2 protein chains.
Amino acid sequence: MDLPSYFPIWDQLAPAQQELILGGAVRREVKKGAVLHNGDADCTGLLLVRSGQLRACILSEEGREITVYRLFDRDLCLFSASCMLRSAQFELTIQAEKDTRLWAIPAEVYRQVMDQSAPAANYTNEVMAARFSEVMWLIEQIMWRSLDKRVAAFLLEESAIEEAKLLKITHETIANHLGTHREVITRMLRYFQGEGMVKLARGAVEILDEAKLAALRDA
Amino acid sequence: MDLPSYFPIWDQLAPAQQELILGGAVRREVKKGAVLHNGDADCTGLLLVRSGQLRACILSEEGREITVYRLFDRDLCLFSASCMLRSAQFELTIQAEKDTRLWAIPAEVYRQVMDQSAPAANYTNEVMAARFSEVMWLIEQIMWRSLDKRVAAFLLEESAIEEAKLLKITHETIANHLGTHREVITRMLRYFQGEGMVKLARGAVEILDEAKLAALRDA
């Protein structure tokens, strides 16, 4: 069982607390595209990513989306258990971006451990502060950066995650990450193509000039 | 000393922990407009508002501002002590919006109490989750709501806080709360005036038709 290795503070938990977590945790496997958690009425529990990739996003009433942060191997998804925090009043959707293997820990089990253990509660504080930092970064992006820079940054990030120049991603998906409309992304990518930065194909974007994209992102 | 009344979990702290906090806490009084905390290099400590009003904002490199959340009587400002959280990596500015009386608790004192006390650490979790909720609300506002609705919402919020229809506030200040430019706010307020919702004067906005503003906000 690899679960203890996900908790930097595992050795600081009492044996009874460790048993509680081990007894409650369940292995899950989800397919790419699956929605694991949907809003704050849904108490999915803590999710620990063993392998794969998740994204946390918010949805507008009109069906628009924006990615708030992403979770990779060994990351802990806290807000899928936001029901255990009285003051967490927001709707977050968690979706698998790749086939993902994970551990799920019931919220009431983790809550019980946090109530007893200062190390567990402080570890949770650190995880929340890390997510807070990502959300503050997002606000800065939305407020102060123009969309061309955000699209350039997103393509380079995708390329780094996938370790590939050829990204199998639709304009719709890019729009849903960045909180905008497909048409806006299509227009922007055509401009990028005209500048020789990318080459467009059906359901794919190929990065041709990484340096030029990076220069745009950092301008 | 009214400090214990600010901590819902005061009675769950050990006497030694209570003494640590009481020994470290300092009373401060700041004038309207004063900057109490400036970015994550600055470790001001926890701020407890006794009376007055603070705002937390982020600044762009070009000097634009946006208010992220506000703090009122009895609120705890956690991120002025973000140096005590390794994973809190963002720059927040805390400014007094009114003359404010507060308690300041050094970050290292609070850190020490949190390390020992699960109730203190879990209380901190709740405070952070509450701020997280406000920040998520802000992202939704920025992403999905048009500026006319945000200005209407802001004027009504100000009116509720001040318990007044005549708001002594400049267009510049409104722009700095909402993350936009003064010219944009001036144009919007003139439109509101044309619709009979407000009356503009030097350094002031008077709300004439609250129902119409509310209808715009909720449309």
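You'll find the structure just up there.
Residues numbered from 1 in each chain as written. Chains lettered and ligands numbered in written order. Predicted model: local features only at pLDDT ≥ 70, side-chain atom pairs only at ≥ 80, totals over all residues. Heavy atoms only, no water.

Trainee: Honestly, the packing of helix α4 (residues 147-162) of chain B against helix α7 (residues 210-218) of chain B in this entry has me stumped. Any pointers?
Mentor: How two helices pack is summed up by the angle between their axes together with the distance between the axes. Residues and elements named next belong to chain B. At a minimum axis distance of 8 Å, the contact between α4 and α7 shows a crossing angle of 135°. Between α4 and α7, the angle is such that the two are oblique. Handedness of the crossing formed by α4 with α7: left-handed. Taken together, the residues of α7 that come into contact with α4 (itself represented by Asp148, Lys149, Ala152, Ala153, Leu155 and Leu156) are Glu210, Leu213, Ala214, Leu216 and Arg217. The residue makeup of the contact of α4 with α7, split by class, is seven nonpolar, no polar and four charged. (Axes fitted to C-alpha atoms, helices over the stretch in contact; angles between N-to-C directions. Helix = DSSP H or I, 4+ residues; strand = E, 2+ residues; numbered from the N terminus. Parallel < 35°, antiparallel > 145°, perpendicular 65-115°, else oblique. Left-handed = near helix turned anticlockwise from the far one by under 90°. Contact = heavy atoms within 4.5 Å. Nonpolar A, V, L, I, M, F, W, Y, C, P; charged D, E, K, R; others polar.)

Trainee: Whenever I open this one, the sheet that holds strand β7 (residues 93-96) of chain B confuses me. Can you help?
Mentor: Where strands meet in a sheet, backbone hydrogen bonds hold them as pairs that are either parallel or antiparallel. Across the sheet, four strands lie side by side as β2-β7-β4-β5 (chain B); this open sheet has antiparallel pairing. Of all the strands in the sheet, just β2 (35-38) and β5 (65-71) of chain B have a single pairing partner and so form its edges. Averaged over all neighbouring strand pairs, the angle between strand axes comes to 25°, with direction disregarded. Examined bridge by bridge, strand β4 (residues 54-59) of chain B and β5 of chain B share six bridges and lie antiparallel to one another. Within the sheet, the bridge partner assigned to Ile58 of chain B lies in β5 of chain B and is Ile66 of chain B. Against the sheet, helix α3 (residues 118-144) of chain A engages β4 and β5 of chain B, with an angle of about 65° to β4 of chain B. (Pairing = 2+ DSSP bridges.)

Trainee: How should I be thinking about the interface of chain B and chain A in this particular structure?
Mentor: A common way to report how large an interface is uses the accessible area buried once the components associate. At the junction of the two partners, chain B supplies 43 residues and chain A supplies 43 residues. Each partner contributes to the roughly 3,600 Å² buried at the junction of chain B and chain A, and carbon and sulfur atoms together form 70% of this total. The tally of links from chain B across to chain A stands at one salt bridge. Across the pair Arg111 of chain B and Glu126 of chain A runs a salt bridge whose closest N-O atoms are separated by 4.0 Å. At the junction of chain B with chain A, the criterion picks out 15 residue pairs in polar contact (both at pLDDT 80 or more). Where the side of chain B that touches chain A is concerned, the elements lending two or more residues are β4, β5, α2 (107-116) and α3 (118-144) of chain B. Take the side of chain B that touches chain A: its biggest share by element is 20 residues, from α3 of chain B. Residue composition of the side of chain B that touches chain A, by class: 25 nonpolar, ten polar and eight charged. (Buried area = accessible area lost by both parts, 1.4 Å probe. Salt bridge = Lys/Arg side-chain N within 4 Å of Asp/Glu carboxyl O. Polar contact = N/O pair within 3.5 Å; in protein donor to acceptor, adjacent residues only side chain to side chain.)

Trainee: What's the story with the relation of the copies chain B and chain A in this structure? I'm lost.
Mentor: One copy of the chain maps onto the other through a rotation about an axis plus a displacement along that axis. Between chain B and chain A, the superposition needs a rotation of 180° and an axial shift of 0.0 Å, giving an RMSD of 0.0 Å. On this basis, the relationship between the two copies can be described by a two-fold rotation axis. In terms of proximity to the rotation axis, the leading residue of chain B is Ala118 of chain B, whose C-alpha is 1.9 Å off the axis. (Least-squares fit on C-alpha atoms with pLDDT ≥ 70 in both.)

Trainee: It is not clear to me how the state of the cysteines should be interpreted in this structure. Could you clarify?
Mentor: Formally, a disulfide is one covalent bond, and it connects the sulfur atom of one cysteine to the sulfur atom of another. All names here are of chain A. With the rule as written, the count across this model stands at two disulfides over all chains. Note that Cys43 is cross-linked by a disulfide to Cys83, the S-S spacing being 1.4 Å. With a gap of 40 residues between them, Cys43 in the loop between β2 (35-38) and β3 (46-51) and Cys83 in the loop between β6 (76-77) and β7 (93-96) connect regions that are remote in the sequence. Here Cys77 stays unpaired: no disulfide links it, and the sulfur of Cys57, its closest cysteine neighbor, is 11 Å away. (Disulfide = S-S within 2.5 Å.)

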